[in-house]
Amino acid sequence: MKLYNISLNNLYRRRMKVVFLVLGLVIGVSTVVTLMTVSDAMNADIAKKLDEFGANILIVPKSDDLSLSYGGMSISGVSFDVRQLREEDVQKIKSIKNRNNISIVAPKLLNVTKIQRRDVFVVGVDFKQEFRMKKWWSIAGKKPQHGDEALLGAEAKDKLGIGVNQTFEVEGKKFTVAGILAPTGSQDDGIVFIDMKEAQRIFGKPDRLSMIEVAALCYDCPIEEIVRQISEQLPGAKVTAIRQAIESKMEAMHRFQHFSVGISLVVLFIGALIVFTTMTAAVNERTREIGIFRSIGFRQTHIMMIILTEALLTSFLAGLVGYFLGFSVSRFVAPLVIMNGGPEMPFNHQLLIFSIALAVLLGMASSIYPAYKASRLDPIVALKSL
Amino acid sequence: MSNHQNEIKNTAMSFLEVQNVSKIYQAGREHVSAVNGITSQVMQGEFISVTGPSGSGKSTLLSILGGLNHPTEGKLLVDGIDVYELSVEQRADFRREYLGFVFQSFQLIPYLTVAENVLLPLTVSSHSNSEQKEMALSILEKVGLTHKTRRLPDELSGGEQQRVAIARALINQPPIILADEPTGNLDSATSEEIMKLFQALNSEGITMIMVTHNPDNIRYARRCISLRDGKLVN
């Protein structure tokens, strides 16, 4: 028989008290697990939504010349063709070390030209990438499928006075309006979008690009690092992170995390108090028993070991139960909070280890004083019969 | 521990010695003298009964002899060791090595079986499980309880519980057994059985010091010490 047998036997004897003790910690740990899991799911969801919201990295050619503006961003080289970007740069972007964080690469060729004797911004785009990036686009008609089909912004349609299935010419090339964009309130409203290859051909800029928009999946992604890696790949380009999008994303992410930490600390404190009071009460109840141990030659450290072993075993159990309870609860709570279907919440072994470690730390920390108190009990007071 | 017994058997020197021991408790503003300047010597293998009226200081003296109650004054020497000069943890080791306690109310751990209660002092020793089992069976045989090793204390009679307590006191083979009213909760027939067991243990060389009120028990002791108002009467 060893000391831990005494702890095990005592835990078995005081099953109801152990249940109460474990519950105290389970509530704390499961709350933390729930909040962390929901927080992670929310963060991932927010990140996903914000990533869907559009580009967060803009790549333009380096230029000292005056620039045109595109959506409030400075676009160089539209008129002057200084160190223009090329098609191959798209592949270079997709080859950076953090390429897994790159979601969408949408190249653009910008030109001002006359359509029906009016100056119009004509932008050559890769429609497939463009539609992926701008999920908020709403189109009357259909998406352009062929090289000779175009998409008109709402304002451009009004200026040019042409509608779906009508045709217009750009530099002698005839295009059919496949669809009209619903007003977006952005620069897109005044633009005529045509196929990239056609734009390069009719404006005589084969293989050339004016700018590249990149959507990086930025859930915890190192955006500055991605910018640096792209800059390395494209030394002739100016790579800029659109901070507003990232900062709002991070703010949203951190807000719930701070809330979670606050709630967790309060619940954990309550859990620790429950453990402390239960262990103290248990020590007081076991005064006589501790006196017996001391009289037959148990050292003070042996008494502490018995109490702390009990705390270790119960808190380990609480950590285990707390994780699975919190994980189960979060599967119900997260869809309610996120309101976006069921987010993916796979089994997280790191969180399981964290839960057990947290419970053990809390249980042991809350039991040290009661254990110390027990070990310092005067055996004479403890053993009234002597 | 058997070495202690052998060494002491061959000497005429006292094995346990109390030198001018006093214990004063503070009760509010008053000082109460429980034990007052007691000096005595106990030889190895003696069977001593300590008697006296309630409040005479018997139990206080026994707790001082057991290394559990630091005297206000005086010394306790056991096998040449100045017990109260030891640290708290060293004194725990001393108790484990030199002493076995038998209490009036048995003081068994209710959630441990008979065998586990007997093995308690060995849980902090280096004995293997098989050695422990062997030792427990040997001691339980001595007290006649081999058939009840898996019972819990509350499934036993008073006499049987006291036998378990005696077995626990003996498991470390201590040279001294301290018993505090060991038959106080037992009927006369069972008391006699327990006293005969003590006598048998004493005949094996174990020093017995027993606090008792019961005049029937005194006849088993070879020497009787009487206390009154914390002082030695004879």
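So, how was this worked out
Residues numbered from 1 in each chain as written. Chains lettered and ligands numbered in written order. Predicted model: local features only at pLDDT ≥ 70, side-chain atom pairs only at ≥ 80, totals over all residues. Heavy atoms only, no water. Helix = DSSP H or I, 4+ residues; strand = E, 2+ residues; numbered from the N terminus. Buried < 20%, exposed > 50% of the residue type's maximum accessible area, 1.4 Å probe, protein only. Contact = heavy atoms within 4.5 Å. Areas by Shrake-Rupley, 256 points an atom, 1.4 Å probe, with all protein chains shown as cover. 1 Å grid on protein atoms, 1.4 Å probe; cavity = no way out; pocket = protein on both sides within 12 Å on 5 of 7 lines; lining within 4 Å. Points joined across faces, edges and corners; volume = space filled by probe spheres on them. Axes fitted to C-alpha atoms, helices over the stretch in contact; angles between N-to-C directions. Parallel < 35°, antiparallel > 145°, perpendicular 65-115°, else oblique. Left-handed = near helix turned anticlockwise from the far one by under 90°. Nonpolar A, V, L, I, M, F, W, Y, C, P; charged D, E, K, R; others polar. Phe/Tyr/Trp six-rings, centres within 6.5 Å; stacked < 30°, edge-to-face > 60°. Lys NZ or Arg CZ within 6 Å of the ring centre and 35° of its normal. Buried area = accessible area lost by both parts, 1.4 Å probe. Salt bridge = Lys/Arg side-chain N within 4 Å of Asp/Glu carboxyl O. Polar contact = N/O pair within 3.5 Å; in protein donor to acceptor, adjacent residues only side chain to side chain. Core = buried A, V, L, I, M, F, W, Y, C linked by side-chain atoms within 4.5 Å. Pairing = 2+ DSSP bridges.

### Considerations on the overall build of chain A
Step number 1: Helix and strand counts for chain A come out as 12 helices and 14 strands.
Step number 2: Counting the 386 residues in chain A, one finds 51% classified as buried.
Step number 3: By sequence separation, contacts in chain A at least 24 residues apart represent 78% of the contacts at least 6 residues apart.
Step number 4: Per element, the accessible surface of chain A, about 18,400 Å² overall, is 59% carbon and sulfur.

### Some words on the layout of surface pockets
A water-sized probe, rolled over the atoms, reveals where empty space remains.
Step number 1: Each pocket or cavity is described by its volume, and for the second largest pocket that value is around 360 Å³.
Step number 2: In terms of lining, the second largest pocket is formed by 15 residues, of which the most central are T113, A115, E116, L119 and K133 of chain B.
Step number 3: Of all the elements in the fold, those that place two or more residues in the lining of the second largest pocket are helix 1 (3-13) of chain A together with helix 4 (114-119) and helix 5 (129-142) of chain B.
Step number 4: The leading source of residues in the lining of the second largest pocket is helix 5 of chain B, at 5 residues.

### So, the packing of helix 9 (residues 287-295) of chain A against helix 10 (residues 300-338) of chain A
Residue and element names in this part refer to chain A.
Step number 1: Where helix 9 contacts helix 10, the axes come no closer than 9 Å and their chain directions differ by 135 degrees. On the basis of their axis angle, the class for helix 9 and helix 10 is oblique. Handedness of the crossing formed by helix 9 with helix 10: right-handed. Where helix 9 abuts helix 10, its residues I290, F293 and R294 lie against Q300, I303 and I306.
Step number 2: In the contact of helix 9 with helix 10, the residues fall into 4 nonpolar, 1 polar and 1 charged.

### Looking at the packing of aromatic side chains
Residues and elements named next belong to chain A.
Step number 1: For the structure on display, the rule yields 13 aromatic pairs over all chains.
Step number 2: On the numbers, 5.9 Å between centres and 20 degrees between planes, the contact of F168 with F175 is stacked.
Step number 3: Residue F168 is classed as buried on the basis of its relative accessible area, which comes to 3%.
Step number 4: Ring geometry for Y323 against F327: centres 5.7 Å apart, planes inclined by 15 degrees, an arrangement best described as stacked. On the criterion of helical spacing, the pair formed by Y323 and F327 is a turn pair, its members being 4 residues apart in helix 10. Considered together, Y323 and F327 belong to a single accessibility category, that of buried residues.
Step number 5: An aromatic cluster is present here, built from F127, F131, W137 and F193 joined pairwise through their rings.
Step number 6: A cation over an aromatic ring shows up here: R15 above the ring of Y12, its NZ or CZ 4.4 Å from the ring centre.
Step number 7: For K143, the ring lying beneath its charged end belongs to F131, and the centroid distance is 4.8 Å.

### A word on the interface of chain A and chain B
When the parts come together, some accessible area is lost, and that loss is often what is quoted as the size of the interface.
Step number 1: Opposite the 27 residues of chain A that make contact, chain B presents 33 residues.
Step number 2: Summed over both sides, the interface of chain A with chain B buries roughly 2,800 Å², with 59% coming from carbon and sulfur.
Step number 3: Summed over the shared surface of chain A and chain B, the number is 1 salt bridge.
Step number 4: R299 of chain A is paired through a salt bridge with D93 of chain B; the nearest N and O atoms lie 2.4 Å apart.
Step number 5: Counting across the interface, chain A meets chain B through 10 residue pairs in polar contact (both at pLDDT 80 or more).

### Regarding the nonpolar core
Step number 1: In terms of nonpolar packing, the biggest core is built from 71 residues, with I6, F293 and F298 of chain A together with F47, L120, I166 and F198 of chain B touching the most fellow members.
Step number 2: Looking at this core, the element that brings in the most residues is helix 10 of chain A, giving 7 residues.
Step number 3: Not counting the four nearest positions on each side in its chain, F298 of chain A is found in contact with L3, I6, F293, I303 and I306 of chain A together with A92, L120, P121, T123 and V124 of chain B.

### Considering the sheet that holds strand 2 (residues 30-43) of chain B
Residues and elements named next belong to chain B.
Step number 1: The antiparallel open sheet is built from 4 strands, whose spatial order is 2-1-4-5. On the outer flanks of this sheet lie strand 2 and strand 5 (81-82), each paired with one strand and no other.
Step number 2: For strand 1 (residues 14-27) and strand 4 (residues 73-78), the ladder comprises 5 bridges, and the chain directions are antiparallel. Looking across to strand 4, one finds that Q19 is bridged to K75.
Step number 3: Here helix 2 (residues 58-65) sits on the sheet and contacts strand 1, strand 2 and strand 4; the angle it forms with strand 1, its principal contact strand, is near 125 degrees.

### Here's the deal with unusual backbone geometry
Residues and elements named next belong to chain A.
Step number 1: Positive phi is not limited to glycine here, since Q116 has a value of about 50 degrees.
Step number 2: Residue placement: Q116 occurs in the loop between strand 5 (102-115) and strand 6 (118-125).
Step number 3: For E171, which is not glycine, the phi torsion reads 50 degrees and is therefore positive.
Step number 4: Within the fold, E171 resides in the loop between strand 9 (167-170) and strand 10 (173-181).

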